[in-house]
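# Architecture and fold: a report
Okay, here's what each chain looks like letter by letter:
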Amino acid sequence: MRDRTAMQQLRLHPECAAGPIASVEAVIEATERGCKARFRLNGDITRIKIPVHAGSERTDFLWKTTCFEIFWQPHGGAYYREFNLSPSSRWACYDFDDFRLNSRDAPVDAIAISCSHDQTSLWLETEIASKLPLPAKVALNAIVEDQDGNIQFWALDFSGGKAEFHSEVCRVIELNGANQ
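Presented here is a report on the structure given in the accompanying data block. (Residues numbered from 1 in each chain as written. Predicted model: local features only at pLDDT ≥ 70, side-chain atom pairs only at ≥ 80, totals over all residues. Heavy atoms only, no water.)

### Examining the nonpolar core
- Membership of the largest hydrophobic core comes to 37 residues, with the highest contact counts inside it found for Ile28, Ile70 and Leu85.
- Residues Tyr80, Ala155, Phe158 and Cys170 belong to the second largest nonpolar core, which totals 13 residues. (Core = buried A, V, L, I, M, F, W, Y, C linked by side-chain atoms within 4.5 Å. Buried < 20%, exposed > 50% of the residue type's maximum accessible area, 1.4 Å probe, protein only.)

### Here's the deal with the environment of tryptophan 91
- Summarising the element assignment, tryptophan 91 is placed in strand β6 (residues 91-96).
- For the pair tryptophan 91 and phenylalanine 61, spaced 30 residues apart in sequence, the C-alpha to C-alpha distance is 9.5 Å.
- Apart from the residues within four sequence positions on either side, tryptophan 91 is in contact with Ser56, Glu57, Arg58, Thr59, Leu62, Asn84, Leu85, Val108, Ile111 and Ile113. (Helix = DSSP H or I, 4+ residues; strand = E, 2+ residues; numbered from the N terminus. Contact = heavy atoms within 4.5 Å.)

### Observations concerning the pairing of strand β2 (residues 21-30)
- For β2, a buried count of eight out of 10 residues is recorded, marking the element as mostly surrounded by other parts of the structure.
- Relative to β2, strand β1 (residues 8-12) runs antiparallel, the two being bridged by three bridges. Of the residues in β2, the one forming a bridge with glutamine 9 is glutamate 25.
- In this structure, β2 lies alongside strand β3 (residues 34-43), joined through nine bridges in antiparallel fashion. Counterpart to valine 27 in the pairing with β3 is arginine 38. (Pairing = 2+ DSSP bridges.)

### Quick look at the packing of aromatic side chains
- Per the counting criterion, the structure on display carries six aromatic pairs.
- Here the aromatic rings of tyrosine 80 and phenylalanine 96 are separated by 4.9 Å at their centres, their planes lie at 10°, and the arrangement is stacked. Within this pair, whereas tyrosine 80 is found in strand β5 (residues 80-85), its partner phenylalanine 96 is found in strand β6, the two being separated by 16 residues in sequence.
- Overall, tyrosine 80 belongs to the buried group, its relative accessible area being 1%.
- Judged by centre distance (6.0 Å) and plane angle (70°), the ring pair of phenylalanine 153 and phenylalanine 165 falls under edge-to-face. Here phenylalanine 165 lies in the loop between β11 (151-155) and β12 (173-175) and phenylalanine 153 lies in strand β11, a separation of 12 residues in the sequence.
- With a relative accessible area of 28%, phenylalanine 153 lands in the partly exposed category.
- Three or more aromatic residues link up through ring pairs in this structure, and these residues are Phe71, Tyr80 and Phe96.
- Across the ring face of phenylalanine 61, the terminal group of lysine 64 is positioned such that the distance to the ring centre comes to 5.1 Å.
- When the ring centre of tyrosine 80 is taken as origin, the NZ or CZ atom of arginine 171, which lies over that ring, is 4.3 Å away. (Phe/Tyr/Trp six-rings, centres within 6.5 Å; stacked < 30°, edge-to-face > 60°. Lys NZ or Arg CZ within 6 Å of the ring centre and 35° of its normal.)

Right, dumping it as structure tokens:
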């Protein structure tokens, strides 16, 4: 398991071609109400698609373009929760009983997303108010679409084969309590 207090370096999936983003970093911490996370893309931000800012609302299919993801799996079972977080401030949250099994909208009290960028970096910060049991194993992921429609998949770790963020292999951060 990795140190959860420092920015974690995500890896580009080996089947993805190099693109305008050179590196991705992320960090997460548990809070009394849920969690907080930060993601940072480094590279030529002018060459990626950044969803236009919109009202904060639940929206499906955010993963089809540039977005960030958190997978949260409490210890002691196969259940997990997935958060999709768009630079637009839109979000999605799903519960699964097991690997991609019985997907359904998950309850969320609130999700706040802020995003800023310049030519070389993009920052997305989120604060999530949702019941997130601890201890848990957590994954932090990024999907980046460039202006030509090419997609890069970034994660802390990958299993063999195609990029699969739902794999437990991606969940390498161990969280045991609030403010960790």
